[in-house]
Amino acid sequence: MSTDGLIVVDKSGGMTSHDVVARIRRLARTRRVGHGGTLDPMATGVLVIGVGRATRLLTYVIGADKSYAATIRLGQATVTDDAEGDVIATTPAGMLTDEAVRSVLAGMTGEIDQVPSAVSAIKINGQRAYKRVREGESVDLPARRVTVSRLDVLAIRHDRPDVVDVDVEVVCSTGTYIRAIARDAGLALGVGGHLTALRRTAVGGFTLAEAVTLDELERRAPDVVGLPLAPAADRFFPRRDATAEEAKVLSHGGPLDPVGHTGPYAVFDPAGGLIAIVSERAGRARAEIVLAPA
């Protein structure tokens, strides 16, 4: 049984990412568990969990592009920019044309400066923004540069007279708030908007196709790791195979000769064990993290 590796969880709605971590700590019988990118309680879908030494890979997982399926409701704005918050403004949106909706959303692709949702986990002077909002403060967060590489409109539904529901698929960089896309689309159209559904379908190369629910993990506990450490790194990073001498040097933190890889890559020993995640700088290949057992 491997105790070091990744688990691709299909998170259900109504629970926080930390709730998932706490449950897996119990199932895996270890405190060394973390997640690779927060999902809001309302959201479902892919949450990558690291167990044991694989928690050190999560910083790279967090930085990977994300894919989502979402529903935007135009005609209502909420305090949280999603369905969990109170409605703070309503403007009849039934007159919106499909062309206008598509045009506004098309303008939200590429590199954009996005103001995160005020009810978010971003810290302001050491305190989470959502906590300040819930205590009655007005929070203004600075815009961040994010990349929305794809935003496809799947359907525009006029099922109710005063609102328009828009089903979309989004591929974006880390740090992008899909709630903020819904809010900004509503603002641009003059009717307000918020998110009524959000499902994360992929984090990097980890997709819903391999995700498991917490109930499934409960049934096979404590053998919950789906992707052991070495195969996980082999999937996520370019690979370099080291000689026995190189493996010895690298496992003790020493540098190797470069091989011309750009960005971080995984180095494996002759037996296929993961030694380290390495990047090349100043003419040497140096470990960013050493993962070989001590």
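Residues numbered from 1 in each chain as written. Predicted model: local features only at pLDDT ≥ 70, side-chain atom pairs only at ≥ 80, totals over all residues. Heavy atoms only, no water.

Here the focus is unusual backbone geometry. Note the cis peptide between Ala221 and Pro222, where omega equals 5°. When you line up the elements, Pro222 lands in the loop between α6 (214–220) and β14 (227–228). Although it is not a glycine, Arg29 adopts a positive phi angle of roughly 60°. A positive phi angle is found at Ala282, which is not glycine, with a value near 50°. With respect to the helices and strands, the residue Ala282 is situated in the loop between β17 (274–281) and β18 (284–290). (Helix = DSSP H or I, 4+ residues; strand = E, 2+ residues; numbered from the N terminus.)

Bringing the UniProt feature "domain: tRNA pseudouridylate synthase B C-terminal" (unreviewed entry) in the protein chain into the picture now. Here the UniProt feature "domain: tRNA pseudouridylate synthase B C-terminal" (unreviewed entry) sits at residues 179–219. Counted over residues 179–219, helix gives 41% and strand 32%. Its end C-alpha atoms are 34 Å apart. (UniProt positions renumbered as here; feature names shortened; annotations may be inferred.)

Another point: the packing of aromatic side chains. All told, the structure shown has three aromatic pairs when counted by the stated rule. Ring centres 5.1 Å apart and planes at 85° place the aromatic pair Tyr60 and Phe237 in the edge-to-face group. With Tyr60 in helix α2 (residues 58–62) and Phe237 in the loop between α7 (229–236) and β15 (239–241), this residue pair connects regions lying 177 residues apart in the sequence. By relative accessible area, which is 16% here, Tyr60 ends up buried. Relative accessible area serves as the criterion here: at 7%, Phe237 is assigned to the buried category. Ring centres of Phe206 and Phe236 lie 5.8 Å apart, and the angle between their planes is 5°; on these two criteria the pair is classed as stacked. You can see Phe206 sitting in strand β13 (residues 206–207) and its partner Phe236 sitting in helix α7, a full 30 residues away along the chain. Exposure remark for Phe206: the relative accessible area of 1% places this residue in the buried category. Ring pairs connect the aromatic residues Tyr60, Phe206, Phe236 and Phe237, which therefore count as one cluster. Sitting over the ring of Phe268, Arg239 keeps its end group 4.0 Å from the ring centre. (Phe/Tyr/Trp six-rings, centres within 6.5 Å; stacked < 30°, edge-to-face > 60°. Buried < 20%, exposed > 50% of the residue type's maximum accessible area, 1.4 Å probe, protein only. Lys NZ or Arg CZ within 6 Å of the ring centre and 35° of its normal.)

Here the focus is the environment of Ser251. Mapping Ser251 onto the fold places it in helix α8 (residues 244–251). The exposure class assigned to Ser251 is partly exposed, which follows from its relative accessible area of 30%. Along the chain, Ser251 and Ile275 lie 24 residues apart, while their C-alpha atoms are 6.0 Å from each other. Setting aside chain neighbours within four positions, we find Ser251 in contact with Ile275, Val290 and Ala292. Polar side-chain contacts of Ser251 include one of 3.0 Å to the backbone oxygen of Lys248. In this structure the side chain of Ser251 is engaged in a polar contact, spanning 3.5 Å, whose partner is the side chain of His252. (Contact = heavy atoms within 4.5 Å. Polar contact = N/O pair within 3.5 Å; in protein donor to acceptor, adjacent residues only side chain to side chain.)

Our focus in this paragraph is the pattern of salt bridges. A pair can form between side chains of opposite charge whenever their charged atoms are brought close. According to the stated counting rule, one finds 20 salt bridges in the structure shown. In this structure, Arg145 and Glu111 form a salt bridge, with 3.0 Å as the shortest nitrogen-oxygen distance. Of the two residues, Arg145 is situated in strand β10 (residues 144–160) and Glu111 in strand β7 (residues 110–114); the sequence distance between them amounts to 34 residues. Here Glu111 falls in the exposed class, since its relative accessible area comes to 56%. One connected set of salt bridges, linked through shared partners, spans Arg23, Arg26, Asp215 and Glu218. (Salt bridge = Lys/Arg side-chain N within 4 Å of Asp/Glu carboxyl O.)

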